[in-house]
Amino acid sequence: MSTVNLIESFGEFKDLKNIDRVTMMGILEDVFRGVVKKRFGEEANVDIIINPDKGDLEIWLNRKIVEDGMSEDDNLEIELAEARKIEPDFEVGEEVSQEVKIADFGRRNILSLKQNLQSRILELEKDHLYNKYKERVGEIMTGEVYQVWKRETLILDDEGNELILPKDQQIKSDFFKKGDSVRAVVWKVEMRNNTPVVVLSRTAPEFLAKLFEQEVPEVADGLITIKRIVREPGERAKVAVESYDDRIDPVGACVGMKGSRIHGIVRELRNENIDVINYTGNEQLLIQRALSPAKIGNIKLDAEHKRAEVYMKPDQVALAIGKGGHNIKLASRLTGYEIDVYRETDEVTDDVDLEEFADEIEHWILDELKAIGCDTARSVLDIPVDELVKRTDLEEETINEVVRILKAELEG
């Protein structure tokens, strides 16, 4: 293997991996110096001259001229008679420089040199990938699907770097095949077995925030601020926005004329329903807006325990809860309050606390119902059976029995 071949092969790596010339020269010099020191010893005086543009590399061994028979180390010193074979005018004490050819190192050292070079380039590429994406965490990137596995999908970026989109970071209705273009947010960069792994996400709130930045110029320019985002990926999302410029309607700007701006985001998120609401520091008003499209009557807040009792007309209860309970769950997460929904027509005297049924209904069942905000018999009966099945871990048969017991008590 010649010197030129080594440098040419490095040049191919440079173009592929975006290694700058200064770094390339440094790596080449370090690798060759290591092989030279191994061949001539640690104390050897060696000059390595590299021209990365032309692909030239020269290695010169410098030795001090000593009297004949006085050389203690032929790698450091050269006897006068030997030196004068190179140049007749040499004298003792002067220095001789001789060019060393790659072939002089031997096959084993040349192989070691190549391996060291590849190893250093690989390490540099790892650093490049880690540093590039560590700075891009939270940003959107577009890549191409290379391979689809059961637990994750392999994505290639425009440099051919491999990125991972785990199954649990994909929207449930996502379906990818090789060659598809995919947009996702850079979720995190972590080291696994000394190798950087870039993990992408399509379910993170940051992904939705960045989509708004791309679709809504006022968000990108900072005229509209996204205060909070909560998502049930692929199902529903709630986005609280505000603007410090009174001339701008933040909700209208995010939605666009006839929904023109938000339609692109909804399509990207596989038809995820997105509710954009005006943010406010007034917690009662924020809860009211968060429960849209349901119309709210009265709200009783317990700020200390972060609980809210929301009263509304019976025909609004299902809207407030939403399909699969998503609306009330997201409203709770957005506001930070545990929200309980009640019908305005309910009379307090015509209701019974669930604890009163502890003799007839097992405690773990009561705990399941309380976990979704149902503390009284009426609050359970207000929710359709199929919704209760979705929102709890209870079987339909169990819920039907609970409903029978509660109705018997209230109607009795």
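Whatever comes next refers back to the structure up there.
A few points on the structure.

About the thresholds
Positions within a chain are numbered from 1, following the residues in the order the chain's sequence is written. Two thresholds apply to this predicted model, a pLDDT of at least 70 for residue-level local features and 80 or more for giving and counting side-chain atom pairs, whereas whole-chain, interface and lining totals are computed over all residues. Hydrogens and water molecules were not included; the side-chain quantities draw on all heavy atoms of the structure. Any two strands between which DSSP finds at least two bridges are classified as paired. The numbering of helices and of strands both runs from the N terminus, where a helix is a DSSP run of H or I of at least 4 residues and a strand a run of E of at least 2. Between the N-to-C directions of two axes lies an angle of 0 to 180 degrees, each axis being a line fitted to C-alpha atoms and, for a helix, fitted only over the stretch in contact. Two residues form a contact once any of their heavy atoms are found within 4.5 Å. For this document, the term salt bridge refers to a Lys or Arg side-chain nitrogen within 4 Å of an Asp or Glu carboxyl oxygen. Here's how the labels work: a residue is buried when its accessible area is under 20% of the maximum for its type, exposed when over 50%, partly exposed in between, all with a 1.4 Å probe on protein chains only. What qualifies as a polar contact is a pair of N or O atoms within 3.5 Å, subject to a donor-acceptor requirement within protein and to the restriction that residues adjacent in sequence count only when both atoms come from side chains. Within this scheme a cavity is a closed region of a 1 Å grid, computed over the protein atoms alone, that accommodates a 1.4 Å probe without allowing it to escape, whereas a pocket is open but has protein on both sides within 12 Å along at least five of seven lines; lining residues each have an atom within 4 Å of a point. Grid points are joined across faces, edges and corners, and a volume is the space filled by probe spheres set on the points. Residue type decides the class: Asp, Glu, Lys and Arg count as charged, Ala, Val, Leu, Ile, Met, Phe, Trp, Tyr, Cys and Pro as nonpolar, and the leftover types, Gly among them, as polar. Orientation is classified from the angle alone, with under 35 degrees giving roughly parallel, over 145 giving roughly antiparallel, 65 to 115 giving roughly perpendicular, and any other angle giving oblique. By convention the crossing between two helices is left-handed if the near helix lies anticlockwise of the far one by an angle smaller than a right angle, and right-handed if it lies clockwise.

**Digging into the sheet that holds strand β13 (residues 298-302)**
Thinking step 1. The three strands are arranged β13-β14-β15 in an open sheet whose pairing can be described as mixed. Each edge of the sheet is formed by a strand with only one pairing partner; in this case those strands are β13 and β15 (338-343). Each strand of the sheet is rotated relative to its neighbour by a mean of 15 degrees, with strand direction disregarded.
Thinking step 2. In terms of strand pairing, β13 meets strand β14 (residues 307-312) through five bridges, oriented antiparallel. Paired with I299 across the two strands is V310, which belongs to β14.
Thinking step 3. Here helix α9 (residues 283-290) sits on the sheet and contacts β13, β14 and β15; the angle it forms with β13, its principal contact strand, is near 125 degrees.

**Quick notes on the pattern of salt bridges**
Thinking step 1. A complete count under the given rule lists 30 salt bridges for this structure.
Thinking step 2. Salt-bridge contacts for K126 lead to E123; the nearest nitrogen and oxygen are separated by 3.7 Å. Of the two residues, K126 and E123 both sit in helix α4 (residues 107-134), three residues apart, roughly one turn of that helix.
Thinking step 3. Residue K126 is classed as buried on the basis of its relative accessible area, which comes to 18%.
Thinking step 4. On the basis of relative accessible area, E123 is assigned to the partly exposed category, the value being 34%.
Thinking step 5. Among the salt bridges present, the one from R404 reaches E401, with a minimum N-O distance of 2.6 Å. On the criterion of helical spacing, the pair formed by R404 and E401 is a turn pair, its members being three residues apart in helix α15 (residues 396-411).
Thinking step 6. The class of R404 is partly exposed, set by a relative accessible area of 48%.
Thinking step 7. According to the relative accessible area criterion, E401 is partly exposed, its value standing at 37%.

**Re the side chain of S243**
Thinking step 1. Tracing the sequence through the fold places S243 in strand β11 (residues 236-243).
Thinking step 2. Note on S243: relative accessible area 17%, which makes it buried.
Thinking step 3. Side-chain polar atoms of S243 contact the backbone nitrogen of D245, separated by 3.1 Å.
Thinking step 4. Not counting residues up to four positions away in its chain, the partners in contact with S243 are L223, I224, I248 and P250.

**Brief notes about the layout of surface pockets**
Think of a ball as big as a water molecule: rolled over the atoms, this probe shows where empty space is left.
Thinking step 1. A volume near 300 Å³ is recorded for the largest pocket.
Thinking step 2. Residue assignment for the lining of the largest pocket shows that the elements contributing at least two residues are α4, β7 (162-166) and β9 (195-201).
Thinking step 3. Residue composition of the lining of the largest pocket, by class: six nonpolar, three polar and five charged.

**Quick look at unusual backbone geometry**
Thinking step 1. Residue P293 follows S292 across a cis peptide bond; omega there is 15 degrees.
Thinking step 2. As for its position among the elements, P293 is in the loop between α9 and β13.
Thinking step 3. The backbone phi angle of N193 is positive, close to 50 degrees, even though this residue is not glycine.
Thinking step 4. In this structure, N193 sits in the loop between β8 (181-192) and β9.
Thinking step 5. A positive phi angle is found at K258, which is not glycine, with a value near 55 degrees.
Thinking step 6. Position of K258 among the secondary structure elements: in the loop between α7 (250-255) and α8 (260-268).
Thinking step 7. Since its relative accessible area comes to 78%, K258 is described here as exposed.

**With respect to the pairing of strand β5 (residues 140-148)**
Thinking step 1. Summarising the sheet, β5 and β8 pair through five bridges and their orientation is antiparallel. Across the sheet, E144 pairs through a bridge with S181, a residue of β8.
Thinking step 2. Two elements, β5 and strand β6 (residues 152-156), share four bridges in a ladder whose sense is antiparallel. Residue V145 lies in a different strand from β6, and its bridge partner there is I155.
Thinking step 3. From the end of β5 to the start of β6, which pair antiparallel, there are three residues.

**A short note on the packing of α9 against helix α11 (residues 326-335)**
Thinking step 1. Closest axis-to-axis distance for the α9/α11 pair is 9 Å, and the angle between their directions is 150 degrees. Accordingly, the angle class assigned to the pair α9 and α11 is roughly antiparallel. Crossing of α9 against α11: the hand is right-handed. Residues L286, I287 and A290 of α9 pack against N327, A331, L334 and T335 of α11.
Thinking step 2. Residue composition of the contact of α9 with α11, by class: five nonpolar, two polar and no charged.

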